[in-house]
Amino acid sequence: MSRSLGLFLLFLAVLAALGVVGAWYLGPSVLSLAFDEERRNSPYYFLSLVAEQDASDGSASSAFRAALAQRVTTDGGALLWRGATIQVAQGRIEDEWQHVQLFEFARGGDFVEMLTSTGYREILDTRTELNRLVLGTGDAPDGIVAQGASVFSLFSVGEGDSLEFAQGVRELASNLGEFNGKLIWDAPVEDLEGDVPWNRILLFEFASVPAAERWLRDPATVTQRTLIQRGSSGVVTLILQSS
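Residues numbered from 1 in each chain as written. Predicted model: local features only at pLDDT ≥ 70, side-chain atom pairs only at ≥ 80, totals over all residues. Heavy atoms only, no water.

(A) Looking closely at the environment of Gly 136. Residue placement: Gly 136 occurs in strand β4 (residues 130–137). Owing to a relative accessible area of 2%, Gly 136 belongs among the buried residues under this scheme. Excluding residues that lie within four positions of it along the chain, Gly 136 makes contacts with Tyr 44, Tyr 45, Phe 46, Pro 188, Val 189, Glu 190 and Leu 192. (Helix = DSSP H or I, 4+ residues; strand = E, 2+ residues; numbered from the N terminus. Buried < 20%, exposed > 50% of the residue type's maximum accessible area, 1.4 Å probe, protein only. Contact = heavy atoms within 4.5 Å.)

(B) Structural detail: the pairing of strand β8 (residues 200–206). Counting buried residues in β8 gives 6 out of 7 residues, a clear majority hidden from the surface. Bridge analysis of strand β5 (residues 149–157) against β8 gives 7 bridges, and the strand direction is antiparallel. Following the sheet pairing, Leu 154 is matched in β8 by Ile 201. (Pairing = 2+ DSSP bridges.)

(C) Main features of unusual backbone geometry. Although it is not a glycine, Asn 180 sits at a positive phi angle of roughly 55 degrees. Residue position: Asn 180 is located in the loop between α7 (162–172) and β6 (182–188). On the basis of relative accessible area, Asn 180 is assigned to the exposed category, the value being 64%.

(D) Main features of helix α8 (residues 209–217). Where α8 is concerned, the buried positions are Val 209, Ala 211, Ala 212, Trp 215 and Leu 216. Take α8 and look down its axis: the buried residues cluster within an arc of 160 degrees, on one side only. Those residues of α8 hidden inside the fold are in contact with β2 (77–90), β5, α7, β8, α9 (219–228) and β9 (232–242). Among the residues of α8, the N-terminal cap falls to Ser 208, whose side-chain oxygen and the backbone nitrogen of Ala 211 are separated by 3.3 Å. (Arc of directions from axis to C-beta. Polar contact = N/O pair within 3.5 Å; in protein donor to acceptor, adjacent residues only side chain to side chain.)

(E) Layout of the pattern of salt bridges. For the coordinates displayed, the defined rule picks out 4 salt bridges. As a salt-bridge pair, Asp 75 and Arg 71 come within 3.2 Å of each other at their nearest N and O atoms. In this structure, Asp 110 engages Arg 107 in a salt bridge whose closest nitrogen and oxygen atoms are separated by 2.8 Å. (Salt bridge = Lys/Arg side-chain N within 4 Å of Asp/Glu carboxyl O.)

(F) Up close: the packing of α8 against α9. The geometry of α8 relative to α9 is characterised by a closest axis approach of 5 Å and an angle of 65 degrees between their N-to-C directions. Mapping the contact onto sequence places Trp 215, Leu 216 and Arg 217 in α8 and Pro 219, Thr 221, Val 222 and Arg 225 in α9. Class assignment of the residues belonging to the contact of α8 with α9 gives a composition of 4 nonpolar, 1 polar and 2 charged. (Axes fitted to C-alpha atoms, helices over the stretch in contact; angles between N-to-C directions. Nonpolar A, V, L, I, M, F, W, Y, C, P; charged D, E, K, R; others polar.)

Have a look at this one:
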């Protein structure tokens, strides 16, 4: 084997090793974002969902959310919206995420830099008592406002069911006007720090929690939600009060 070929093979081995280390440290979703130039230079949105593992006064969750919001602002992002869970309308008890924060970065690359920063890791290391879920997407919400109530749904949609799911979403949203509601976010999402099945988010906005509850109980809504779940292997739905 020639010396040049040996050096080239060594170079490939180093790249492969760096890829393995990067995937372990960042996770495949963040690694993909970091190496995709178009996504790296486009706006990026991430959701942080938290719940305390045991009954408490909520101080740990409050401190974490405040520290995260400050970290995001320091690193060039912005808090767009936050909500507190009023009710788990669908899902398991472990899906009761108590608080949701939505952040925006002008560039996906800025988000990756924050995620790999020492300051961000320090925040995580000091809040091990929290259950956390972090989801991201490049798709922007449509006119979200920091008031009223929201119905927040996560789905696990199969690769071959995307078209059927999209049609189901359109039918599900068809009666929103009767309840002064609006679909403000229908987006694919990726898990950024763990291994969860959800890959689609729907966010509906209402003037009040009672209006959101009436929409969920409406027979047409119940029927369409049942139909839309045929193409999804997992669903969790929360009713949130903007905070």
